[in-house]
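Each chain is listed here by its residues.
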Amino acid sequence: MTDFSLGPALLFCPADRPDRFGKAAERADAVILDLEDGVAPADKPAARRALAEHPLDPETTIVRINPAGTVDFADDLDALASTPYRTLMLAKAESAAEIDRIGDGFRVIGLCETARGVLAAPDIAAHPAVVALMWGAEDLVASLGGTSSRTADGRYRHVALHARSAVLLAAGANGRAAIDSVYLDIEDLDGLSAEVRDAAASGFAATACIHPGQVATIRSGYAPNGAEIAAAEAVLAAAENAAGVFRFEGRMVDEPVLRHARSVLRRSRSGRL
């Protein structure tokens, strides 16, 4: 797995709101300074200037840039040349060739949020500059001509679940981290918690969020609870005196189960992934 040392809670912050930069950095594991959808077209020049005028720690800062092939994409890269930021998120990534256009010296997170981008996720993940993939539900459904990514009860539609799985599999097949999409209902922390726990159990490394009030729930969702830690420690201890497949507390244990347990303990030791 390519090293992805950021923590599980990645907080979007509009790049034209430098008054929020410091607060976002204090509250989340990493900040995604957004030059794309979070900034109105007329405000993008000011947002680019703010990157240099109000610097954050480049080790825990991601800059989301506009899609390749747009004028804003070129302007974003020009602005970043005078900053220390070297981890970029490419909005609406749709091919490995687009990653080439970013140039050398950058760590790239491919944001697969269109139908073309999801289908190209394996090729994007294989690019040597890519360290992670993220998927986006709302832009994906919009690219298909749809109207919403979720049903009335808050669950993802099948096409969104397919895209989520496809991006996770593409990332994992290429040794890259996977980042889960944002949860738009800011007040629904129970729904967010359930989705984050599913993300962690499925293999996502982090979840992006749009409000600092979601950070604690995301961190908690990626942190194993006491019972999970105790169970992982117990099965690994039992494996020390067993050869091959063995039975433990009524269930069969083989190497995949032991790998699950090691993953639980790895997440328990640190908030960073």
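Residues numbered from 1 in each chain as written. Predicted model: local features only at pLDDT ≥ 70, side-chain atom pairs only at ≥ 80, totals over all residues. Heavy atoms only, no water.

The name an unreviewed UniProt entry assigns to the protein chain is Citrate lyase subunit beta / citryl-CoA lyase, from the organism Mycetocola miduiensis. According to the UniProt record, the Cofactor (unreviewed entry) comment for the protein chain is "Mg(2+)". (UniProt positions renumbered as here; feature names shortened; annotations may be inferred.)

Undergrad: Please provide a residue-by-residue account of the layout of surface pockets, values included.
TA: Quantified by volume, the second largest pocket comes out at close to 350 Å³. Broken down by secondary-structure element, the contributors of at least two residues to the lining of the second largest pocket are β1 (9-14), β6 (130-135) and α7 (137-143). (1 Å grid on protein atoms, 1.4 Å probe; cavity = no way out; pocket = protein on both sides within 12 Å on 5 of 7 lines; lining within 4 Å. Points joined across faces, edges and corners; volume = space filled by probe spheres on them. Helix = DSSP H or I, 4+ residues; strand = E, 2+ residues; numbered from the N terminus.)

Undergrad: Before we move on, could you go through the environment of R48 and cite the residues and values that matter?
TA: Examined against the element boundaries, R48 turns out to sit in helix α2 (residues 44-53). Residue R48 is classed as buried on the basis of its relative accessible area of 9%. In sequence terms R48 and D16 are 32 residues apart; their C-alpha atoms lie 7.6 Å from each other. Look past the residues within four positions of R48 in its chain and what remains in contact with it is L35, N66, D72, D75, D76 and A79. (Buried < 20%, exposed > 50% of the residue type's maximum accessible area, 1.4 Å probe, protein only. Contact = heavy atoms within 4.5 Å.)

Undergrad: How would you explain the pairing of strand β7 (residues 177-180) if you had to name every residue and give the values?
TA: Burial along β7 is two-sided: A177 and I179 and A178 and D180, pointing in opposite directions, are all buried. The pairing of β7 with strand β8 (residues 206-209) spans two bridges and is classified as parallel. Within the sheet, the bridge partner assigned to I179 lies in β8 and is A206. The parallel pair β7 and β8 is bridged by helix α9 (residues 189-202), and the resulting crossover is right-handed. (Pairing = 2+ DSSP bridges. Right-handed = clockwise from strand over helix to strand, strands pointing away.)

Undergrad: How would you sum up the nonpolar core? Please name residues and give values.
TA: Ranked by size, the top nonpolar core spans 59 residues in total, and within it L33, I65, I102 and L133 carry the most contacts. The dominant element in this core, judged by the number of residues it contributes, is helix α8 (residues 158-173), at six residues. Ignoring anything within four residues of it in the chain, the contact list for L33 reads C13, A15, F21, L51, L56, T61, I62, V63, R64 and Y85. Within the second largest apolar cluster, 18 residues are counted, among which are L10, I32, M89 and M134. (Core = buried A, V, L, I, M, F, W, Y, C linked by side-chain atoms within 4.5 Å.)

Undergrad: Would you mind going over helix α10 (residues 215-222) in detail, with residue names and values included?
TA: Along α10, the residues that are buried comprise V215, T217, I218, G221 and Y222. Projected down its long axis, α10 shows its buried positions confined to an angular sector of 165°, all on one face. (Arc of directions from axis to C-beta.)

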